Amino acid sequence: MIAQVAKETKEKMDQVVDKTKREFNKVRTGRARPSLLDGIKAEYYGALTPLNQMAKVSAPEARQLLIKPFDANVIDEIEKAILKSDLGLTPNNDGDVIRINIPQLTEERRKELAQVVNNRAEEGKIAIRNIRREANSDLEELENEGEISEDNYHRGLENIQEITDEYIEKIDQLLEEKNAAIMDV
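These notes cover the structure that comes with them.

Thresholds applied
Residues numbered from 1 in each chain as written. Predicted model: local features only at pLDDT ≥ 70, side-chain atom pairs only at ≥ 80, totals over all residues. Heavy atoms only, no water. Core = buried A, V, L, I, M, F, W, Y, C linked by side-chain atoms within 4.5 Å. Buried < 20%, exposed > 50% of the residue type's maximum accessible area, 1.4 Å probe, protein only. Helix = DSSP H or I, 4+ residues; strand = E, 2+ residues; numbered from the N terminus. Contact = heavy atoms within 4.5 Å. Patch = residues over 30% accessible without salt bridge, like charges linked within 9 Å, V, L, I, M, F, W, Y side chains within 5 Å. Areas by Shrake-Rupley, 256 points an atom, 1.4 Å probe, with all protein chains shown as cover. Salt bridge = Lys/Arg side-chain N within 4 Å of Asp/Glu carboxyl O. Lys, Arg positive; Asp, Glu negative; His and termini not counted. Charge placed at Lys NZ, Arg CZ, Asp CG, Glu CD. Pairing = 2+ DSSP bridges. Axes fitted to C-alpha atoms, helices over the stretch in contact; angles between N-to-C directions. Parallel < 35°, antiparallel > 145°, perpendicular 65-115°, else oblique. Left-handed = near helix turned anticlockwise from the far one by under 90°. Nonpolar A, V, L, I, M, F, W, Y, C, P; charged D, E, K, R; others polar.

Our focus in this paragraph is the nonpolar core. Counting residues in each nonpolar core, the largest one holds 26 residues, and the members touching the most others are Ile128 and Leu139. Mapped by element, the contributors of at least two residues to this core are α1 (2-25), α4 (107-144) and α5 (150-183). Considering each element in turn, this core owes the most residues, nine residues, to α5. Setting aside its immediate chain neighbours within four residues, Ile128 contacts Met13, Val16, Val17, Thr164, Tyr167, Ile168 and Ile171. In this structure, Ala32, Leu36, Leu37 and Ile40 belong to the second largest nonpolar core, which totals 21 residues.

Take a look at the structure:
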């Protein structure tokens, strides 16, 4: 019983860490990364389609993204979608490919991005604490129903707390790495 609660808790917390990692990838650090455009969708024959399903996105240089559409007819739609995004990037369309030059980040912008990343990390930690609360509630329910003893209940609470600490540490590590990447000039 306790092992099942712990297993479910770990699975949920893994999902939170993965989501936090994806959120961090959306924040630009001054280096060109294809994952920077992951959230962008463009009109493709009447349907909004993720950019990475319409084109090959690569980073040939440290400060440049290259987008090569699989279908040349959608290059204008891709360009419009990038302009509409909140990334603040300007695409250069040469008819065959789109090039995006990633500008150098100012010190002020780096601090703003660090704050955004800190907020997203805090959201992840809150989600992990909520999962801990659910797990503790499940354990309490098991004890009240007589399925586990009081000692096992307390051991289960300690186990859930150790799991929580482990996953909060993972988010802190991701935050530290992302902040270092943002502040790297």
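Okay, a negative patch on the surface next. Taken together, the side chains of Glu8, Asp138, Glu140, Glu141, Glu145 and Glu147 make up a negatively charged region of the molecular surface. It is α4 that contributes the most residues to the negative patch, three residues altogether. By secondary structure assignment, the location of Glu141 is in helix α4. What makes Glu141 partly exposed here is its relative accessible area of 44%.

Another point: the pairing of strand β2 (residues 47-50). Here four bridges tie strand β1 (residues 41-44) to β2, and the two strands are oriented antiparallel to one another. Opposite Lys41, over in β2, you have Pro50 as the bridge partner. Joining the antiparallel neighbours β1 and β2 is a turn of two residues, in which Tyr45 adopts a positive phi near 50°.

Spatially, the four strands line up as an open sheet ordered β3-β4-β6-β5, and their pairing is antiparallel. The sheet is open, and its two borders are formed by β3 (55-61) and β5 (91-93), each paired with just one other strand. Geometrically, the sheet is characterised by an average inter-axis angle of 25° between neighbouring strands, direction not taken into account. Here β3 runs beside strand β4 (residues 64-69); their pairing, made up of five bridges, is antiparallel. Opposite Glu61, over in β4, you have Gln64 as the bridge partner.

Next up on the list: the packing of α1 against α5. A pair of packed helices can be characterised by two numbers: the angle between their axes and the separation between those axes. Viewed as axis vectors pointing N to C, α1 and α5 meet at an angle of 15°, and their least axial separation amounts to 10 Å. Regarding the angle of α1 to α5, the classification is roughly parallel. Between α1 and α5 the crossing geometry is right-handed. Across the contact of α1 with α5, the residue classes break down as 13 nonpolar, seven polar and five charged.

The residue Gly156 is located in helix α5 in this model. Each C-alpha atom of the pair Gly156 and Leu139 lies 7.1 Å from the other, and the pair is 17 residues apart in sequence. What Gly156 contacts, discounting residues up to four positions off in sequence, is Ile2 and Leu139.

For the rest of this paragraph, the subject is unusual backbone geometry. Despite not being glycine, Tyr45 shows a phi value in the positive range, around 50°. Locating Tyr45 in the fold gives a position in the loop between β1 and β2. Given the relative accessible area of 64%, Tyr45 is considered exposed.

Looking down a regular strand, the side chains alternate between one sheet face and the other. Only one face of strand β6 (residues 98-101) is covered, namely the one carrying Ile98 and Ile100; the face carrying Arg99 and Asn101 has none of its residues buried. Relative to β6, β4 runs antiparallel, the two sharing four bridges. Within β6, the residue paired with Ile67 across the bridge is Ile98. Inspection of the sheet shows β5 paired to β6 by three bridges, in the antiparallel sense. Bridge assignment links Pro91 to a residue of β6, and that residue is Ile100. Hairpin connection, β5 to β6: the antiparallel pair is bridged by four residues, and Gly95 has positive phi, about 100°.

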